[in-house]
Amino acid sequence: SNQIKSNQIMSEDKSIDERAVISKYNELQSECNNFITKITELEQDRNEHQLVEETLKPLDPKRRAFRLVGGILVERTVEEVLPSVLENMQNMDKLIETLTQTLKKKQKETMEWKLKYNIRTAEEAEAMRKQQMVNNK
């Protein structure tokens, strides 16, 4: 029955029209771009947290420090603020790692789809056309 299923899937794939193939490819590309954007934003946030950590670490733990919480500036001490900054950084590191792994899988899926349906971007098609012109001379 597995062989029958795989044959059915193959015949279904052939029936997918070109627009659907390209639409799916564009959707996969868009998802990859969204992951890249999110990862970049998180890396910037993480770098800001690192700057705060580097600034606070050498200070007296009892020194006043201000922290933005839900849009409200609250007064704390360095020893109260620093642990949460470090925890936020660790959480961002984990999230960046998770999103990066998901991005790699999505990029692989996109490449497989591209190869399966022999999709060429405009740049690739132009490069192939130029190469054929050189080869034909």
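Please refer to the structure placed before this passage.
What counts and what doesn't
- Residues numbered from 1 in each chain as written.
- Predicted model: local features only at pLDDT ≥ 70, side-chain atom pairs only at ≥ 80, totals over all residues.
- Heavy atoms only, no water.
- Helix = DSSP H or I, 4+ residues; strand = E, 2+ residues; numbered from the N terminus.
- Polar contact = N/O pair within 3.5 Å; in protein donor to acceptor, adjacent residues only side chain to side chain.
- Contact = heavy atoms within 4.5 Å.
- Pairing = 2+ DSSP bridges.
- Phe/Tyr/Trp six-rings, centres within 6.5 Å; stacked < 30°, edge-to-face > 60°.
- Buried < 20%, exposed > 50% of the residue type's maximum accessible area, 1.4 Å probe, protein only.
- Lys NZ or Arg CZ within 6 Å of the ring centre and 35° of its normal.
- 1 Å grid on protein atoms, 1.4 Å probe; cavity = no way out; pocket = protein on both sides within 12 Å on 5 of 7 lines; lining within 4 Å.
- Points joined across faces, edges and corners; volume = space filled by probe spheres on them.
- Nonpolar A, V, L, I, M, F, W, Y, C, P; charged D, E, K, R; others polar.
- Salt bridge = Lys/Arg side-chain N within 4 Å of Asp/Glu carboxyl O.

Engineer: Before we go on, may I ask you to explain the side chain of Arg46 in this structure?
Structural biologist: When you line up the elements, Arg46 lands in helix H2 (residues 18-56). Among the polar contacts listed, one links the side chain of Arg46 to the side chain of Asp93, at a separation of 2.3 Å. Setting aside anything within four residues of it in sequence, one finds Arg46 in contact with Met89, Met92, Asp93 and Ile96.

Engineer: Which parts of the structure should I look at to understand the pairing of strand S1 (residues 64-69)?
Structural biologist: Working note: regular strand, side chains alternate between the two faces of the sheet. Two strands pair when backbone bridges link them, and S1 and strand S2 (residues 72-77) are joined in this way by 6 bridges, in the antiparallel orientation. Directly across from Arg64, in S2, lies its bridge partner Thr77.

Engineer: Sorry if this is basic, but what is going on with the packing of aromatic side chains here?
Structural biologist: Aromatic rings in a pair are described by how distant their centres are and how their planes are angled relative to each other. The final tally for this structure, using the stated rule, is 1 aromatic pair. Taken together, a centroid distance of 4.6 Å and an interplanar angle of 55° make the contact between Trp113 and Tyr117 tilted. The exposure class assigned to Tyr117 is partly exposed, which follows from its relative accessible area of 21%. For Lys24, the ring lying beneath its charged end belongs to Trp113, and the centroid distance is 5.9 Å.

Engineer: How should I be thinking about the layout of surface pockets in this particular structure?
Structural biologist: Unfilled space is identified by rolling a water-sized probe across the atoms. Taken as a whole, the largest pocket spans an internal volume of roughly 220 Å³. Forming the boundary of the largest pocket are Asp45, Glu48, His49, Val52, Leu56, Phe66, Arg67, Leu68, Val81, Val85 and Asn88. When residues of the lining of the largest pocket are traced back to their parent elements, those giving at least two are H2, S1 and helix H3 (78-116). At 5 residues, the largest contribution of residues to the lining of the largest pocket is made by H2. When its residues are assigned to classes, the lining of the largest pocket shows 6 nonpolar, 2 polar and 3 charged.

Engineer: Quick question: what am I supposed to make of the pattern of salt bridges here?
Structural biologist: Opposite charge on two side chains makes pairing possible when the charged atoms of those side chains draw close. Summed over all chains, the structure comprises 12 salt bridges. With a shortest N-O distance of 4.0 Å, Glu109 and Lys24 are connected by a salt bridge. With Glu109 in helix H3 and Lys24 in helix H2, the pair connects residues that are 85 residues apart, well separated along the chain. Accessibility expressed as a relative area gives 32% for Glu109, which makes it partly exposed. The residue Lys62 makes a salt bridge to Glu79 at a minimum N-O spacing of 2.6 Å. Placement of the pair is Lys62 in the loop between H2 and S1 and Glu79 in helix H3, with a sequence separation of 17 residues.

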